[in-house]
Amino acid sequence: MTENMNSRNNKIGIFGGSFDPVHNGHLIIASYAIEHFHLDKLFIVPAYIPPHKKGTFAPYNTRFQWLNNVFSDFGRTEVDNYEGRNSNISYTIKTVKYFAKKFNARPFLIIGEDSYNNLESWYKYEEILDSATICVYPRRIHANSTKSKKHETVFFFDAPLIDISSSLIRKRILNKKSVLGMIPCTISKEVVAFYEEKL
């Protein structure tokens, strides 16, 4: 399927993260990114070993399965196991260069505003800026202020302010609180059961 996309004119995006677990905010971000940047395909790429975190609660294969279930009928997306195949620390620059070479295109890299604010702490961040167009979704009001933009290859895009995070979901499950509406219904029971056992 993806082999037919090899063309300079194709607009591909990369949406990475731990997805521990994937939640409805991720779906909204994916949808708005595809629309705003007119992407032909958005690749959802779960991290194998996140470099900025101590690890994940759910193993890679579990998170990958959840993403496949959630995005199976989601237009113009594909869950890719590139970082899982490498079975190593998931440095963004390696993922960006992989997709850039595979599709002979400059990828659009979808990240949150909080991640963008810490971008200069990322491994080879200057190469990331040279190799990808950074697409930042808001985490707070006025995220698209020009004062927030520090690099020429960065663009903020309009999306609802989403006050949902994977850590919040895990915390609520740990405290026996409802996560109704936060997790896609196709995996909600499985996700809750998993973290109830692990946390």
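S.K.: Got a sec to walk through the nonpolar core? Specific residues and values, please.
M.R.: The biggest cluster of nonpolar side chains holds 37 residues, and the ones touching the most others in it are F15, V22, F71, I110 and F157. Contributions of two or more residues to this core are made by α1 (24-37), β2 (41-46), α2 (60-71), β4 (108-112), β5 (133-137), α7 (166-174) and α8 (188-198). The residues contacting I110, other than those within four sequence positions of it, are I14, F15, G16, I29, A33, L42, C135, Y137 and F157. Among the nonpolar cores identified, the runner-up in size contains 21 residues, and V96, W122, V136 and F156 belong to it.

S.K.: Which residues make up the environment of H36, and what are the values?
M.R.: As for its placement among the helices and strands, H36 is situated in helix α1. Residue classification places H36 among the partly exposed residues on the basis of a relative accessible area of 38%. Through-space distance from the C-alpha of H36 to that of A159 is 9.2 Å; in sequence the pair is 123 residues apart. Once you skip the residues sitting within four places of it in the chain, H36 turns out to touch F156, F157 and D158.

S.K.: If you had to explain the side chain of H23 to someone new, which residues and values would you point to?
M.R.: Along the chain, H23 turns up in the loop between β1 (12-17) and α1. Of note is the side chain of H23, whose polar atom sits 3.0 Å from the backbone nitrogen of G25. Apart from residues lying up to four places away in sequence, H23 is in contact with I164, S165, S166, I169, M182 and P184.

S.K.: I'd love a proper account of the pairing of β4, names of residues and values included.
M.R.: β4 sits mainly inside the fold: 5 of its 5 residues count as buried. What you see with β4 is no split at all: F108, I110 and G112 on one side and L109 and I111 on the other are buried throughout. Strand direction decides the pairing type here: β1 and β4, joined by 3 bridges, are parallel. Residue pairing for β4: I14 is matched across the bridge by L109.

S.K.: If you had to explain the pattern of salt bridges to someone new, which residues and values would you point to?
M.R.: Opposite charge on two side chains allows them to pair when their charged atoms are near. Under the defined criterion, the tally for this structure stands at 4 salt bridges. The salt bridge involving R170 is made with D20; its shortest N-O contact spans 3.7 Å. Within this pair, whereas R170 is found in helix α7, its partner D20 is found in the loop between β1 and α1, the two being separated by 150 residues in sequence. By relative accessible area, which is 4% here, D20 ends up buried. For the salt bridge of D80 with R85, the shortest nitrogen-to-oxygen distance reads 3.8 Å.

Here is what the cut-offs are and how they apply
Residues numbered from 1 in each chain as written. Predicted model: local features only at pLDDT ≥ 70, side-chain atom pairs only at ≥ 80, totals over all residues. Heavy atoms only, no water. Core = buried A, V, L, I, M, F, W, Y, C linked by side-chain atoms within 4.5 Å. Buried < 20%, exposed > 50% of the residue type's maximum accessible area, 1.4 Å probe, protein only. Helix = DSSP H or I, 4+ residues; strand = E, 2+ residues; numbered from the N terminus. Contact = heavy atoms within 4.5 Å. Polar contact = N/O pair within 3.5 Å; in protein donor to acceptor, adjacent residues only side chain to side chain. Pairing = 2+ DSSP bridges. Salt bridge = Lys/Arg side-chain N within 4 Å of Asp/Glu carboxyl O.

Read these as geometric descriptors, not functional statements.
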